[in-house]
Structures are given as structure tokens and as C-alpha cells.
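As a plain string of letters, each chain reads:
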Amino acid sequence: MNRVTPKIQTPGHDCEACPIRHRAVCARCEADELQVLEQIKYYRSFEAGQTVVWAGDTMDFVASVVTGIATLSQTMEDGRRQMVGLLLPSDFAGRPGRSKSAYDVTAATNLVMCCFRRKPFEELMLNTPHIGQRLLEMTLDELDAAREWMLLLGRKTAREKIASLLCIIARRDASLQLSQSQGELSFELPLTREAMSEYLGLTLETVSRQMSSLRKEGLIVTEGKRRIVIPDFDQLLEETGDDSDGGFLV
């Protein structure tokens, strides 16, 4: 993994115009609370493949993903590595009250994070209930998603796994665009097929075969290297194996 120092950018983003404002940890903050956050925030950008933080390293900041995707991974003593989660736009990285990272966090794509110095953020949480409430909501959503992911890895077929992952990313993209996840949706697939295979516990050949099958059946359309069009989201959702109307929380 690349240890190149990330680019640190001076605050210049307008919180009100932030693309993740309505989903991020600051979603419920009032104007005066945003002004306090402005004083402790800064932006970091990472190139695809670059390590944000290693498991066990001190993490002196917490952050929201603004653009791009990061992976969460754990490595066993014998070198085996398992991807255990994804950080999508608006997801929160780091844990207040814990100084060390529990996972390797790696930029899967070019990544921009809105960072807050950890100690001031912890102090701010005590005085700003809106932040604590929103972080609790996000944590519970993450717990539900982790439980759903256990089902996916343990019981779903390869086809259902691929369909589920595409639906997760499509839904998040639609949410960020403030559009409904119905009818035709399109998005940039942020993960390579190699990364998809690692995350889903499949071989590269199986991922390629299932993607080709979904494409041949008209459930997805590929445009260029990464652009995915879902002509009918509900139809693809039926391929996930979920018996509810929601699938994953994103």
C-alpha cells in the first residue's frame, strides 16, 4: 500500500453547499454550530490505493467522506487480508474516544475527506447535541448494515451478492443526488472487479461472469469502463434475494 503523504487542504468548502451536507454527521447542525465546526475542520485528499491509516496507528482525526470510496480491511498474522467494509460518501471514519484505528483504511478511488481534529471534536460533541444524535443514528445504521452484510457473505449466491452491491452503491448515489431509487439509475462504479471480488469473497472470474450475465439479461448496462446504468432498479433489486422492500440501509 502507498504511504505517500496525503494532501492537506485549507478550509475553503462552504458547508451549506457541501454535497454530503444532508447525510453527514453535521446534517442537523444549526448555522452557529457549523461555525464552530469550521474552526476545527480541514480537508485531506488521497489518491486511489493510498493508505489513510493503518490498523493500530494513532488516528488524531475523525472524518466524513466527501467524495470517493475507502475500504476497511483487517490483516491476520499469517498475512491473509479481508475487506470488512466500505466507506461511501457521507460515511464517518474514526471513533470519538478511541485514539487508534481498528482497521486499515485505504482509498479505493481518489478520495476527499472532511476531517476534524479528534480532541476538539470530542469536546464539541459534549456541547452540541445535534452532532451526538446524528452520530448515534449513523452508528445504528452502520450496525444494521453490518448485520445485513453478514447475511450476504454467509448465505447469498454470487449473483445475489453482485446485485446487492450494485444496489447499495446506486442507492447511495441517488440519496446524495436527492433523487429516488426508482426507475432508471446510473452511477460510476467506484470499485474495480478485483476489489469487488475481495469484498464479496468471490473469485475475479466469478465477478466477471456474473456482471456479464446481468448485462446480457438487460438488468444493467455498462458505458465505458466504470459507468453503470440500471434500467429498472426494482427489477435488479429482485435479484438480491432480499424478501423485504429495502435491502441494505445506506
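Given the structure is predicted, the values throughout are model-derived calculations rather than measurements.

Visitor: An account of the overall build of the protein chain is needed here, citing residue identities and associated values.
Guide: When its secondary structure is counted, the protein chain shows 7 helices and 12 strands. The buried share among the 250 residues of the protein chain stands at 45%. Across the protein chain, every contact between residues at least 6 apart in sequence was considered, and the portion connecting residues at least 24 apart equals 74%. A total accessible area of about 12,900 Å² is found for the protein chain, and carbon and sulfur atoms account for 49% of it.

Visitor: Now, about the sheet that holds strand S8 (residues 104-107): what can you tell me, with residues and values included?
Guide: Here 4 strands make up an open sheet; going across it, the order is S3-S8-S5-S6 and the pairing antiparallel. Among the strands making up the open sheet, the edge pair consists of strand S3 (51-53) and strand S6 (81-87). When the angles between neighbouring strand axes are averaged without regard to direction, this sheet yields 35°. The pairing of S3 with S8 spans 2 bridges and is antiparallel. Each bridged residue has a counterpart across the sheet, and for Thr-51 the counterpart in S8 is Thr-106.

Visitor: Describe the sheet that holds strand S10 (residues 185-188), listing the residues and the values that go with them.
Guide: Taking strand neighbours across the sheet as the criterion, the 3 strands line up as S10-S12-S11 in an open arrangement whose pairing is antiparallel. With partners counted over all chains shown, the strands left at the sheet margins are S10 and strand S11 (221-223), one partner each. The mean inter-strand angle of the sheet, taken between neighbouring strand axes irrespective of direction, is 20°. Sheet analysis places S11 next to strand S12 (residues 227-230), joined by 3 bridges and oriented antiparallel. Across the sheet, Glu-223 pairs through a bridge with Arg-227, a residue of S12.

Visitor: Can you lay out the layout of surface pockets for me, pointing to particular residues and giving the numbers?
Guide: Empty space within the largest pocket amounts to approximately 1,300 Å³. Elements with a minimum of two residues in the lining of the largest pocket: S6, strand S7 (92-93), helix H3 (129-155) and helix H4 (158-176). Ranked by residues supplied to the lining of the largest pocket, first place goes to H3 with 12 residues. Residues belonging to the lining of the largest pocket are distributed by class as follows: 26 nonpolar, 6 polar and 9 charged.

Visitor: Pulling in residues and values, what's your account of H4?
Guide: Taking 1.5 Å per residue, 19 residues should reach 27 Å; H4 reaches 28 Å between its end C-alpha atoms and fits that length. Where burial is concerned, most of H4 is hidden: 16 out of the 19 residues are buried.

Visitor: With reference to specific residues and values, describe the pattern of salt bridges.
Guide: Within the structure shown, the criterion is met by 9 salt bridges. Here Glu-122 ties to Arg-118 by a salt bridge, and the two come within 2.9 Å at their closest N and O atoms. Linking Glu-122 with Arg-118, this pair stays in helix H2 (residues 118-127), spanning 4 residues, or about one helical turn. Comparing Glu-122 with Arg-118, the two get one shared label, buried.

The rules we used
- Numbering of residues starts from 1 in each chain and follows the order in which that chain's sequence is written.
- For this predicted model, a pLDDT threshold of at least 70 governs which residues receive local features, and a threshold of 80 or more governs which side-chain atom pairs are given and counted, while totals over whole chains, interfaces and linings are taken from all residues.
- Here the side-chain values reflect all heavy atoms present in the structure, with hydrogen atoms and water set aside.
- Helix numbering and strand numbering both begin at the N terminus, where a helix is a DSSP run of H or I of at least 4 residues and a strand a DSSP run of E of at least 2.
- Each residue is assigned to one of three classes by its accessible area relative to the maximum for its type, calculated with a 1.4 Å probe on protein chains only: buried under 20%, partly exposed between the two thresholds, exposed over 50%.
- The criterion used for residue contact is that any of the two residues' heavy atoms lie within 4.5 Å.
- For every accessible area listed, the method is Shrake-Rupley and the probe measures 1.4 Å; residues are considered covered only by the protein chains on display.
- Think of it this way: DSSP has to see at least two bridges between two strands before they count as a pair.
- Only the stretch in contact is used when a helix axis is fitted, and all axes are lines through C-alpha atoms; the angle between N-to-C directions ranges over 0 to 180 degrees.
- Grid spacing is 1 Å over the protein atoms alone, the probe is 1.4 Å, and a cavity is where that probe fits but cannot get out, while a pocket is an open set with protein on both sides within 12 Å along at least five of seven lines and lining residues have an atom within 4 Å of a point.
- Grid points are joined across faces, edges and corners, and a volume is the space filled by probe spheres set on the points.
- Under the convention adopted here, Pro, Cys and the residues Ala, Val, Leu, Ile, Met, Phe, Trp and Tyr are nonpolar, Asp, Glu, Lys and Arg are charged, and Gly plus all remaining residues are polar.
- A helix is expected to span 1.5 Å for every residue after the first.
- Salt bridges are defined as contacts in which a side-chain nitrogen from Lys or Arg sits within 4 Å of a carboxyl oxygen from Asp or Glu.

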